[in-house]
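As a plain string of letters, each chain reads:
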Amino acid sequence: MFQDIAPHRFNNAFFKDAISPEDVLLCYSGSHILLQPQADGSFALPRACHVPQQNAMEAIYLFSVDDTRCFGFWQPHGLEEVPGLVWQSTQVLRTVPDPVVCFAGMEGWHLYRWFRANRFCGHCGRPMELKGDERAVLCPGCGQVVYPRISPAIITAVVHDHKLLLARNATNPAGRFGLVAGFVEFGETLEDTVRREVREEVGLQVTDIQYFASQPWPFSESLMLGFFAKVEGDPVPHPDHVEIAEAKWVTPEELPQNHSNLSIAQALMQEFARREAASRAKD
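Rules and cut-offs
Residues numbered from 1 in each chain as written. Predicted model: local features only at pLDDT ≥ 70, side-chain atom pairs only at ≥ 80, totals over all residues. Heavy atoms only, no water. Helix = DSSP H or I, 4+ residues; strand = E, 2+ residues; numbered from the N terminus. Buried < 20%, exposed > 50% of the residue type's maximum accessible area, 1.4 Å probe, protein only. Contact = heavy atoms within 4.5 Å. Pairing = 2+ DSSP bridges. Phe/Tyr/Trp six-rings, centres within 6.5 Å; stacked < 30°, edge-to-face > 60°. Polar contact = N/O pair within 3.5 Å; in protein donor to acceptor, adjacent residues only side chain to side chain. Expected span 1.5 Å × (residues − 1). Core = buried A, V, L, I, M, F, W, Y, C linked by side-chain atoms within 4.5 Å. Salt bridge = Lys/Arg side-chain N within 4 Å of Asp/Glu carboxyl O.

Attention now goes to the overall build of the chain. Secondary structure summary: the chain contains four helices and 16 strands in total. Overall, the chain is about 65 × 50 × 30 Å in size when its C-alpha atoms are taken along their principal axes. Taken across its 283 residues, the chain has 46% of its residues classed as buried. The long-range share in the chain, meaning contacts at least 24 apart out of those at least 6 apart in sequence, stands at 64%.

Given below as structure tokens:
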């Protein structure tokens, strides 16, 4: 998955520090990120020395990868056109071959969106300030503190009779299938959310819910929690035709041919195929 950047090491410990010329500078404007094109057609993250000094000096420390420190610059003014750098959709981060560029770029975008959404206090309306002793913003007027938003969400590999359930979201083009997923609602356990989402989206009852793995997913500011579950009762899916347009059962051989392991959905599909292969080998 995209967060598996070993042997590189991610360190998100909070502290304040001044930026230096060789530090990575993560710059965002809406859903775009400032990147440095490479000769092979891929992209690298720019360094502070690549942008005008007055902009870099306004950056704030975010995290580090190995010994490389990453700073965020949340105000795109003055960076509309920087020689050697280009603005690209953050979606391009999914395709870059360097896992550190993908990971750092996506995590920085998560923090950028949180900071942009909390420039003013939601209680009294005053401008927020960065808190000095932890990663949060603080209202100097009423004292309200806001931390980066991380929403828990489940994603489930529903299995039955050696097949996996795939569902196509109504917003996805024809032929693009994934797994049942959804955000945890108040008062729910994770297992409750699995049962509810599967029931609401495809009309199935599930049992034997087993945790698989988790993944931070900055695109939706969520922590994805992956599960396996088995169908209980009638296995015929009934999509709600609101969120899910269609659903189908597939064998391991019929899984979408995506050889990357960027998302937990792909990891769940690959694990399903591995388990089925192991089961067949025993037989």
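Ordered by their spatial adjacency, three strands build an open sheet running 8-9-10, and the pairing between neighbours is antiparallel. Only two strands of the sheet have a single neighbouring strand rather than two, namely strand 8 (129–130) and strand 10 (145–146). Here two bridges tie strand 9 (residues 137–138) to strand 10, and the two strands are oriented antiparallel to one another. Among the inter-strand pairings, V137 is bridged to a residue of strand 10, identified as V146.

Another point: the packing of aromatic side chains. Inspection of the entire model under this criterion finds 12 aromatic pairs. Summarising the aromatic geometry, the rings of F2 and F103 are spaced 5.7 Å apart at their centres and angled 35 degrees between planes, so their arrangement reads as tilted. Of this pair, F2 sits in the segment before strand 1 (10–11) while F103 is found in helix 2 (residues 99–117), placing the two residues 101 residues apart along the sequence. F103 carries the same exposure label as F2, and that label is buried.

This next bit is on the side chain of R196. With respect to the secondary-structure elements, R196 resides in helix 3 (residues 190–202). Within the structure, R196 has its side chain in polar contact with the side chain of E197 (distance 3.1 Å). Excluding residues within four positions of it along the chain, R196 makes contact with F183, E185 and E188.

What follows covers helix 3. Between its first and last C-alpha atoms helix 3 spans 18 Å; for 13 residues at 1.5 Å apiece the expected length is 18 Å, and the two agree. Phi for G203, located one or two positions after helix 3, is positive at around 70 degrees.

Quick look at unusual backbone geometry now. That bond from A6 to P7 is cis: its omega, 10 degrees, falls within 30 degrees of zero. Along the chain, P7 turns up in the segment before strand 1. Phi at D208 is positive, roughly 50 degrees, even though this residue is not glycine. Structurally, D208 can be placed in strand 14 (residues 206–217). D208 gets classed as partly exposed once you look at its relative accessible area, which sits at 34%.

Before going further, it helps to examine the pairing of strand 6 (residues 68–73). Looking down a regular strand, the side chains alternate between one sheet face and the other. The element strand 6 is extensively covered by neighbouring structure, given that five of its six residues are classed as buried. By the bridge criterion, four bridges tie strand 2 (residues 24–29) to strand 6 in an arrangement that is parallel. Directly across from V24, in strand 6, lies its bridge partner C70. Two elements, strand 5 (residues 60–65) and strand 6, share five bridges in a ladder whose sense is antiparallel. Among the inter-strand pairings, S64 is bridged to a residue of strand 6, identified as R69. Between the end of strand 5 and the start of strand 6, which pair antiparallel, lie two residues, with D66 showing a positive phi angle near 55 degrees.

Soluble globular proteins: nonpolar side chains tend toward being buried together. Counting residues in each nonpolar core, the largest one holds 56 residues, and the members touching the most others are L26, L45, F63, L164 and L179. Not counting the four nearest positions on each side in its chain, L164 is found in contact with A157, V158, V159, L179, K248, W249, V250, L255, M269 and F272. Among the nonpolar cores identified, the runner-up in size contains 18 residues, and A167, V202, I209 and A247 belong to it.

Below, the discussion takes up the pattern of salt bridges. Scanning all chains against the criterion turns up 17 salt bridges. R69 serves as the salt-bridge partner of D23, at 2.7 Å between the closest nitrogen and oxygen. In this pair, D23 sits in the loop between strand 1 and strand 2 while R69 sits in strand 6, placing the two residues 46 residues apart along the sequence. An identical accessibility class is assigned to D23 and R69; each is buried.

Next up on the list: the environment of M224. By the element assignment, M224 lies in strand 15 (residues 222–231). Owing to a relative accessible area of 11%, M224 belongs among the buried residues under this scheme. For the pair M224 and A153, spaced 71 residues apart in the sequence, the C-alpha separation amounts to 4.9 Å. Discounting residues that sit within four places of it in the chain, M224 has contacts with A153, I154, I155, A181, A213, S214, Q215, W217 and I264.

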